[in-house]
Amino acid sequence: MATENPHSQQNSNPQISLYYQTRAAHHAVVTSDWLAQAQAAVGRHPEDAVSDNSSAGGEESGNGFSVIDEFNNWRKQPDLAEAVAAIRALASVIRSSQATTMMELEIELKKASDSLKSWDTTSISLTAGCDLFMRYVTRTSALEYEDFNSAKSRLLERAERFGEISYKARKIIAMLSQEFIFDGCTILVHGFSRVVLEVLRTAAQNKKLFRVLCTEGRPDRTGLRLSNELAKLDVPVKLLIDSAVAYSMDEVDMVFVGADGVVESGGIINMMGTYQIALVAKSMNKPVYVAAESYKFARLYPLDQKDMVPALRPIDFGVPIPSKVEVETSARDYTPPQYLTFLFTDLGVLSPSVVSDELIQLYL
Amino acid sequence: MDPRRVPRTVSDPKVRQVGFFAPPDRSQSGPPAPISSSPPVSEISPSGNSLSPVMIPPPRNLSSDMSRHFPPAPISPLRRGRGAADSSIPVGSYNPSEFISPTATADFSEDALSPGWSRKGNSAKFASSLPTGGIGMVKQNKVPASGLTMVSTVRMPKAIKEKERVSMEEVQMEQQPGDSKPLKEKTTKAERRALQEAQRAAKAAAKPEGSKAQAAASGVNAVNASPGKVPKATPSKKDSSSVVASEKRGGDRQPDKDRKKDVPHPRMQFDDENRVEKAKKRSVVRQTEARSRVELFRHLPQYEHGTRLPDLESRFFQLDPIHPAVYKVGVRYLSGDISGGNSRCIAMLQAFQESIRDYSTPPEKSLIRDLTTKINGYVSFLIECRPLSISMGNAIRFLKTRINKLVLNLSESEAKSSILLDIDRFINEKIILADKVIVKHAVTKIRDGDVLLTYGSSSVVEMILLHAHELGKQFRVVIVDSRPKLEGQMLLRRLVRQGISCTYTHINAVSYVMLEVTRVLLGASSVLSNGTVYSRVGTASVAMVAHQFHVPVLICCEAYKFHERVQLDSICSNELGDPDAIARVSGRTEINYLEGWTNSENLQLLNLIYDVTPSDYVSMIITDYGMIPPTSVPVIVREYQREHLWI
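Under an unreviewed UniProt entry, the name given to chain B is Translation initiation factor eIF2B subunit delta, and the organism recorded is Fraxinus pennsylvanica. Of chain B, the UniProt comment under Sequence similarities (unreviewed entry) reads exactly: "Belongs to the eIF-2B alpha/beta/delta subunits family." Taken directly from UniProt, the Subcellular location (unreviewed entry) text for chain B runs: "Cytoplasm, Cytosol".

Per an unreviewed UniProt entry, chain A goes by the name Translation initiation factor eIF2B subunit alpha and belongs to Fraxinus pennsylvanica. Recorded under Subcellular location (unreviewed entry), the UniProt text for chain A is reproduced unchanged: "Cytoplasm, Cytosol". Word for word, the UniProt comment on chain A under Sequence similarities (unreviewed entry) is "Belongs to the eIF-2B alpha/beta/delta subunits family."

Draft legend 1. Seen up close, the overall build of chain A. Looking only at helices and strands, one finds 13 helices and 10 strands in chain A. Evaluated residue by residue, chain A yields a buried proportion of 54% over its 364 residues. Summing over all exposed atoms, chain A offers an accessible surface of approximately 16,100 Å²; the carbon and sulfur share of this is 55%.

Draft legend 2. Representation of the interface of chain B and chain A. Contacts between chain B and chain A engage 20 residues on the former and 18 residues on the latter. Across the chain B to chain A interface the summed buried area is about 1,500 Å²; carbon plus sulfur atoms make up 54%. The interface formed by chain B and chain A contains five salt bridges. Ionic pairing is found between B:R519 and A:D307, a salt bridge with its closest N-O pair at 3.9 Å. Counting the contacts that link chain B with chain A gives six residue pairs in polar contact (both at pLDDT 80 or more). Of all the elements in the fold, those that place two or more residues in the side of chain B that touches chain A are strand 10 (626–628) and helix 22 (633–646) of chain B. The greatest single-element share of the side of chain B that touches chain A, amounting to four residues, is contributed by helix 22 of chain B.

Draft legend 3. Region of the structure containing the packing of helix 4 (residues 67–75) of chain A against helix 6 (residues 102–119) of chain A. All names here are of chain A. Closest axis-to-axis distance for the helix 4/helix 6 pair is 9 Å, and the angle between their directions is 60°. In terms of orientation, helix 4 lies oblique with respect to helix 6. Considering how the two elements wind past one another, helix 4 and helix 6 form a crossing that is right-handed. For the pair helix 4 and helix 6, contact is made by V67, I68, F71, N72 and R75 and by A112, S115, L116 and W119, respectively. For the contact of helix 4 with helix 6, a count of residues per class yields six nonpolar, two polar and one charged.

Draft legend 4. Expanded view of the nonpolar core. Of all hydrophobic cores here, the largest spans 80 residues; its most connected members are B:F352, B:M514 and B:V520. It is helix 14 (residues 367–385) of chain B that contributes the most residues to this core, 10 residues altogether. Setting aside chain neighbours within four positions, we find B:M514 in contact with B:L453, B:V520, B:V542, B:V545, B:A546, B:F549 and B:V551. Counting 64 residues, the second-largest nonpolar core is a separate cluster that includes A:I68, A:L80, A:A278 and A:L350.

Draft legend 5. A look at the sheet that holds strand 5 (residues 261–262) of chain A. Residue and element names in this part refer to chain A. Read from one edge of the open sheet, three strands run 5-6-8, paired in antiparallel fashion. Strands with a single pairing partner mark the edges of an open sheet, and in this sheet they are strand 5 and strand 8 (332–335). Along the sheet, helix 12 (residues 274–283) contacts strand 6 (268–271) and strand 8; its crossing angle with strand 8, the most-contacted strand, is approximately 35°.

Draft legend 6. Broad picture of the packing of aromatic side chains. For the coordinates displayed, the defined rule picks out 13 aromatic pairs over all chains. Where A:F180 meets A:F342, the ring centres are 5.9 Å apart and the plane angle is 70°; that geometry is what we call edge-to-face. Remark: A:F342 occurs in strand 9 (residues 342–345) and A:F180 occurs in the loop between helix 8 (148–177) and strand 1 (185–190); sequence separation between them is 162 residues. Its relative accessible area of 29% is what places A:F342 among the partly exposed residues. Through successive ring pairs, a cluster of aromatic residues spans A:F180, A:F256, A:Y289, A:F342 and A:F344. Over the aromatic face of B:Y333 sits the side chain of B:R344, whose NZ or CZ is 5.2 Å from the ring centroid.

Draft legend 7. Geometry of the sheet that holds strand 3 (residues 237–240) of chain A. Residues and elements named next belong to chain A. A sheet is described by the order of its strands in space; here seven strands give the open sequence 3-2-1-4-7-9-10, paired in mixed fashion. Bordering the open sheet on either side are strand 3 and strand 10 (348–350), each of which pairs with just one other strand. Neighbour-to-neighbour, the strand axes of the sheet open up by a mean angle of 25°, direction not taken into account. Sheet strands touched by helix 9 (residues 194–205): strand 1, strand 2 (210–215), strand 4 (254–257) and strand 7 (288–291). Its angle to strand 2, the strand with the most contacts, is close to 160°.

Draft legend 8. The pattern of salt bridges, seen in detail. According to the stated counting rule, one finds 30 salt bridges over all chains in the structure shown. Residue A:K238 is joined to A:E251 by a salt bridge in which the shortest nitrogen-to-oxygen separation is 3.7 Å. Separated by 13 residues along the polypeptide, A:K238 in strand 3 and A:E251 in the loop between helix 11 (245–248) and strand 4 bring together distant segments of the chain. When its relative accessible area of 35% is taken as the criterion, A:E251 is described as partly exposed. In this structure, B:R494 engages B:E462 in a salt bridge whose closest nitrogen and oxygen atoms are separated by 2.7 Å. One end of the pair, B:R494, is in helix 18 (residues 488–497); the other, B:E462, is in helix 17 (residues 459–470), with 32 residues separating them in the sequence.

Draft legend 9. How the structure looks around the confidence of the model for chain A. Residue and element names in this part refer to chain A. On average, residues of chain A score 81 in pLDDT, and 82% of them are at 70 or above. Residue range residues 1–14 is modelled with pLDDT below 50. Its contacts to residues more than four positions away, or to other chains, number 40 contacts. Here residues 44–64 is modelled with pLDDT under 50, and outside its nearest four sequence neighbours on either side it reaches 30 contacts, counting other chains as well.

Analysis parameters
- Residues numbered from 1 in each chain as written.
- Chains lettered and ligands numbered in written order.
- Predicted model: local features only at pLDDT ≥ 70, side-chain atom pairs only at ≥ 80, totals over all residues.
- Heavy atoms only, no water.
- UniProt positions renumbered as here; feature names shortened; annotations may be inferred.
- Helix = DSSP H or I, 4+ residues; strand = E, 2+ residues; numbered from the N terminus.
- Buried < 20%, exposed > 50% of the residue type's maximum accessible area, 1.4 Å probe, protein only.
- Areas by Shrake-Rupley, 256 points an atom, 1.4 Å probe, with all protein chains shown as cover.
- Contact = heavy atoms within 4.5 Å.
- Buried area = accessible area lost by both parts, 1.4 Å probe.
- Salt bridge = Lys/Arg side-chain N within 4 Å of Asp/Glu carboxyl O.
- Polar contact = N/O pair within 3.5 Å; in protein donor to acceptor, adjacent residues only side chain to side chain.
- Axes fitted to C-alpha atoms, helices over the stretch in contact; angles between N-to-C directions.
- Parallel < 35°, antiparallel > 145°, perpendicular 65-115°, else oblique.
- Left-handed = near helix turned anticlockwise from the far one by under 90°.
- Nonpolar A, V, L, I, M, F, W, Y, C, P; charged D, E, K, R; others polar.
- Core = buried A, V, L, I, M, F, W, Y, C linked by side-chain atoms within 4.5 Å.
- Pairing = 2+ DSSP bridges.
- Phe/Tyr/Trp six-rings, centres within 6.5 Å; stacked < 30°, edge-to-face > 60°.
- Lys NZ or Arg CZ within 6 Å of the ring centre and 35° of its normal.
- pLDDT = per-residue confidence, 0-100.

As C-alpha cells, this is what we get:
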C-alpha cells in the first residue's frame, strides 16, 4: 500500500515507506561526513524543485512556504531524530507565520502538523513528535500571556530547545544503561539505532570490556553500518546473518535494540526482525533492553502484527524475482511488552507497563 | 506464546488457602477478600467467612479432633498470625485473626471495642460470619493486643457441632491477638464449656424455626449478650469494614450517629446471624433466607426468590421513608426488569433525582446531613432488593461527595438544583458520552473480514457492533450465551434486525468456535485495580479460551466503573442468583430431574452471577480515557479520583 506522497521526488518506487527510505539513506554505508558534504553541495535544490508541486502536498498559510519541505530538509541530516526534524519544521512555521493571535497560530500549527502526519503515515516518531509539540502549544496558550509575541517567542524557544533535549536524551539514556553493561558481557544488537550506538559508545569510553554481536539487518544492511562504527570504537564486533540469532543466543548476555515507536501497551515497533529476536531471547531467558527517547511514546495500541499502518520497503534480492512471487516487504514489526525487560528512556529506566502511565499523564 | 498460568492457590492439598495472609503485625488487614469456604460439614464455622483465606479443612479432622486441636492451635494460628502460610494445620489453619467477630459484644468488650475499632478500622472485616458463638468465651482482654475484638458472649450455639466449631474458633480467637496466651485459653475453656451448655439449654428451650442451614449459620454467629452494644459495634464495624477490600462501595463511612439509617455494608457478610437479624429488623423488604445454601458462599446473601416481589409490592403504601421513585426502581431490580450495570446505575440516579426534587429539609436540620441520611436509607432499600453493583457504588459515592461539598449557605432550592445538575452531568459525561468515546475507539480495532465474538449482552459492545456496521465494515459476530439468563438472545435479535450476520452458540462450544474468531469483545461490570475484570459469570472462561487461541480480548468498560480494590478470585465477593433457575429449563417442562431438590440434604444448587477474569487474559481495556493496558487501571483510578473531586 502506497504510503507516501506521489509527487515527492525522492521515491523511485511508490510502494515504499518514506520513513524507512530515509532510514535506509541514513544507514547507507557512507560516512556521515560525506553525507554532510554532499548535502552542502546539493544545497537546497531539491527543495526548490519540490516547492513547485507542493501545492498538492498540503500547503498551508499560503505564503509559498511548505512545512513538508522544511521537514524533509531537516530529516536528511543523519544525526537528527525524526521528531526533532518535525518540530524544527513546525518551528519554522511559527517563525514565518503571520498570525496575530494565539488561536490563529494554533490553527496554523494544527494544519501544518496534520499535513506532516498525513504525508508520511508510517513514521511513528513523526506523529508522536507533532502531537507532543501540539500538546505543548495548547498548554502554553492556555497560560495567560500579555503579549502575543512573547508567547510566540516562547514557543519558538521551546522548539529550538527540543533539539537539544533530544540530544541530551541520548546522553541520559546512555548514562542509565551503563550499569547494565558489565565487564565481559556479550551484547546482541539489531538494527541501527543512534541511541544504542550512543549507549555502546559511552560504554566503550568508560573502558568497559564487552563485545557486540550485530545482526546483518537485511535489507538495509544496518549491521554493516553498525559494525563499521563499532570497529572505530575498538569494540570487538561479530556479524551474524539474521538467521543465526537463535544459534548464537546462548553466548549472548543481553539484547539491545532501539525503537521506532513505543506504543501504549509498552511494546515497541521496530525494524523487522526485532520480534523474532525478542521471542528467542525470552525463551532463553535473556533480557531484552530497549533504548528509546520519551518523545517516541505514541498513542497507538496494536493488537497484532497486522494492526499497524503498513510500512513497506522493497527488498533487493540481487537476482530478478518472477512476477508471480510475492514478497513480504513490511519494514517493521511489533514486539509485545511481555518480551521486553526494560525500556531505557530519558525519563528513567521503565518497565513496559509504565509507558501507559506516562502517556496518560501526558495526554490527559 | 505465553506461559501457562500457574495455579494461584494452594500449597497444601489438604488446606486450600486463598487470599492474603495477615501481615505479622496486624491480623486483620491482610486478607482483602474473604473467601469463605467450609466443607460441607458445617462444623468449621465458615471459616473465614469474612475475610480470611479460604480454608477447606478436611472434614474428619473437625469432629474428632477438636479437643486435640486446642493445644496445637495456639501455636499454629500464632504462626499464622505472623503471616506465615502455615498450611500444615488442617483445621485451625485459617488465619485466626480472621476470626475475630466484631459482633461479639460482651460487657467488657465495650471499652476495648471502641478504641479497638477506631484504632484498627479493619477489624470490621471480620464481620459477620465470625464464629461468635465460641467467641463469646474469649476474654476481652485479649482484644486490645491486636485491636481485634473478640466476641465475648454468652449465648452459645445450639448444635453440638456448633460447640465444636465454636471452641475451635475460640481457640483461634484467642490466638488471634497474636500473642500466645495458651494458659488463658485453657482456663477459660472450661468456663466457656459451662456457659455453652447453659446457653444451649436455654436456646433449645426457646428454639425458633429455622432450617438446618439457618441453624448452622446462626450457630456460628449468634449471640450477642447485649443487643445494645451490638448495634454500636456493628455499624462501626461496618464503617470500618468499608476499608475491607471486599467492599463494593469504597469509602462509604457513616458516622456513628447515623447508625440508625446506616446503610448496611453492601458487602455485609451474611454468615453472621447477628447482623442478618439486625439487617432484617431494619429492612424494608421482607425476605426469608434460602433453605439450603452452599457452604462456600455463605457469606453472600441468598433469599427465597419467589416471595420477595409480591411481598414488596403488597407493602407499597407502607413504605413511608422510601420515595416512590426509589421504590419503583427497587421493585424493578427485584423482578429483574433492569439489569446491566449502566441501566441500573442510570435508573438509580434518576430515581434519586426525583426524590431530591421532592425533598424538603425538615426544620432544625441541616440539609447536607439530612439529605445524606435519606440517601443512605434509599440505598439500603435498594441493597435489599438487589446487592449493589460496583458502578452503582461509585455513583453513590460521587453523589455523597457532591452533597458534602455543598456550600453551606446555599438556599435549599439552589442546593437542590446544584445536586440535580451534578447528577445530570455525571450521567451525561460518565456514562453516555463515555460510551460514545468508547465506541469511537473500538471501531478502529475492527477490520473488514473480522469475526468478533462476544459473550452475553453488554450495552457498550452492542453499540460498538451497531456503529461499526453503520460505518460499513464487513464483519460477522459470534454470540456466546449461557444459562440460566440467556441474555445473548436479546442481543442476537437486535443485531440481526440491523442486518449483521450472527452466529449464536452456548458456552460449551466456545473452544470449538474460537478457532475462527479474530477478536473478542467483552463488557465488564467493573475493572479492579490489578487489572482484573469483574463481569458476568462465564466471561472468565471465554477470555481464557481466547487467550489460549491467541485471540486478543478487548474489554469495553467506562471509567466510572473502575474500582481501587483488588480481588483475586470469584468467591470472596459475588452475587447469588435464584437457584431454582438452574433447576428449571424454560419451555421444557419434561426436564424435571431436579424437582424437589431442596428436600435433598446432599444437594445444593449454586447460581453465581459474576466472575473474575485475571488480567493476563485481557489484551486491552477500552475506556473513555482511551485504550489502555490492564496494568494501567490504577493510573486511571488515581486520575479519575482527582477529577472527581475537581468536578
